[in-house]
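Examining the three-dimensional arrangement
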Amino acid sequence: RVRSSAASDVYKRQSPHLRKEIMKADVYKARLKFLQENNITTADDLTACLQQAENEVTQLAKQRTILNVRKKKHKKLFDALAAEAAFAGFEPRKAEYDDAKEVLDTCGIPREALLSEKADLYEQLAQVNQQIRQERWKLKQCKEISETAVIMQRDIDRVEQQPQRIADTHQR
């Protein structure tokens with residue numbers, strides 16, 4: 001995440017302790033935004049979001065595996081396409097060019113179709129990988145919020161019990 005120069009100047013002018021607290025507040029703001037965007041209002045909602053993200057990652061990983069198998073199946077042809085394009089007219093690599101050309105000529109699939117399939121396959125893989133990154137980020141957010149919520153509740157319980165302890169001390 002890139003911060004504007006004005007924001008980074010604000011951090012630089014603060015004491016280390018204050019800077020740390022401001023950064024903590026930024027994290028809490030980001031988490032609140034995440035909770036609002038995903039309509040999470042209860043612990044059950046958070047658990048459901050976590051499970052949904054885990055399921056989504058599992059499904060996307062299966063989809064990515066299928067795409068990678070397709071890519072591997074045509075690896076020789078895709079490599080030949082790349083070699084033919086890279087070494088055309090380049091005398092020191094003429095043998096590799098000739099080999100690639102022969103592979104492509106004998107495969108029976110038009111080069112345009114192979115190029116289209118390769119581009120489509122790589123685009124699908126890129127999209128799936130991006131979706132996996134997004135879902136893993138969501139998972140991370142859910143886990144961090146869940147862990148923080150437990151700590152915050154413990155702190156709240158401790159603070160709520162303090163006035164009672166102070167009152168008990170004054171009564172003695």
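What counts, and where the lines are drawn
Residues numbered from 1 in each chain as written. Predicted model: local features only at pLDDT ≥ 70, side-chain atom pairs only at ≥ 80, totals over all residues. Heavy atoms only, no water. Helix = DSSP H or I, 4+ residues; strand = E, 2+ residues; numbered from the N terminus. Buried < 20%, exposed > 50% of the residue type's maximum accessible area, 1.4 Å probe, protein only. Contact = heavy atoms within 4.5 Å. Polar contact = N/O pair within 3.5 Å; in protein donor to acceptor, adjacent residues only side chain to side chain. Lys, Arg positive; Asp, Glu negative; His and termini not counted. Salt bridge = Lys/Arg side-chain N within 4 Å of Asp/Glu carboxyl O. 1 Å grid on protein atoms, 1.4 Å probe; cavity = no way out; pocket = protein on both sides within 12 Å on 5 of 7 lines; lining within 4 Å. Points joined across faces, edges and corners; volume = space filled by probe spheres on them. Nonpolar A, V, L, I, M, F, W, Y, C, P; charged D, E, K, R; others polar. Core = buried A, V, L, I, M, F, W, Y, C linked by side-chain atoms within 4.5 Å. Expected span 1.5 Å × (residues − 1). pLDDT = per-residue confidence, 0-100.

**Quick notes on the overall build of the protein chain**
Looking only at helices and strands, one finds six helices and zero strands in the protein chain. Secondary structure elements of the protein chain, listed N to C terminal, follow the sequence α-α-α-α-α-α. When the 172 residues of the protein chain are sorted by exposure, 19% land in the buried category. Partitioning the contacts of the protein chain with sequence separation of at least 6, the portion at a separation of at least 24 is 69%.

**So, the side chain of Thr148**
With respect to the helices and strands, the residue Thr148 is situated in helix α6 (residues 111-171). Look at Thr148 and you get buried, because its relative accessible area is 15%. Here the side chain of Thr148 touches Glu144 through a polar contact of 2.8 Å, landing on its backbone oxygen. Here Thr148 is in contact with Tyr28 and Arg31, once residues within four sequence places are set aside.

**Observations regarding the side chain of Glu135**
For Glu135, the position within the fold is in helix α6. There is no salt bridge for the buried Glu135, and the closest opposite charge comes from Lys138, which lies 4.1 Å off by N-O distance. Discounting chain neighbours no more than four positions away, the residues touching Glu135 are Gln52, Ala53, Glu56, Val57 and Leu60.

**Points about the layout of surface pockets**
Quantified by volume, the largest pocket comes out at close to 270 Å³. Contributing to the lining of the largest pocket are 14 residues, with Leu35, Leu46, Ile145, Ser146 and Ala149 lying nearest its centre. Of all the secondary-structure elements, those providing two or more residues to the lining of the largest pocket are α2 (16-37), α3 (43-73) and α6. Of all the elements, α6 adds the most residues to the lining of the largest pocket, at five residues. Tallied by class, residues from the lining of the largest pocket come to nine nonpolar, four polar and one charged.

**Some remarks on the nonpolar core**
By size, the foremost hydrophobic cluster in this structure holds 15 residues, and its most contacted members are Leu67, Phe78, Leu81, Leu104, Leu114 and Val128. The element contributing the most residues to this core is helix α4 (residues 75-87), with six residues. If we skip the residues at most four places from it in the chain, Val128 touches Leu60, Gln63, Arg64 and Leu67. Phe34, Ile40, Cys142 and Ile145 belong to the second-largest nonpolar core, a separate cluster that totals six residues.

**A few points about α3**
Here α3 spans 45 Å end to end across 31 residues, near enough to the 45 Å set by a 1.5 Å rise per residue. By the burial criterion, the buried members of α3 are Leu46, Cys49, Ala53, Val57, Leu60 and Leu67.

**Some points on the confidence of the model for the protein chain**
The pLDDT averaged across the protein chain works out to 86; a share of 87% of its residues lies at or above 70. Per-element confidence in the protein chain ranges from a low mean pLDDT of 59 for helix α1 (residues 5-12) to a high of 95 for α3.

**Description of α4**
Under the 1.5 Å per step criterion, the end-to-end length of α4 is 18 Å for 13 residues, consistent within 8% with the ideal 18 Å. Of the residues making up α4, those classed as buried are Leu77, Phe78, Ala80, Leu81, Ala83, Glu84 and Phe87. Gly89 occupies a position one or two residues after α4 and carries a positive phi of about 75°.

**Side note on the pattern of salt bridges**
Going through the model one piece at a time under the given rule, you end up with nine salt bridges. Between Glu144 and Arg31 there is a salt bridge; the shortest N-O distance is 3.3 Å. Note that Glu144 is positioned in helix α6 and Arg31 in helix α2, a separation of 113 residues in sequence. Classification of Glu144 by relative accessible area gives partly exposed; the value is 24%. Where Lys140 meets Glu144, a salt bridge forms, and the shortest distance between an N and an O atom there is 3.8 Å. In this pair, Lys140 and Glu144 both sit in helix α6, four residues apart, roughly one turn of the helix. Each of Glu84, Lys101, Asp105 and Arg111 takes part in salt bridges that share partners, so that together they form one network.

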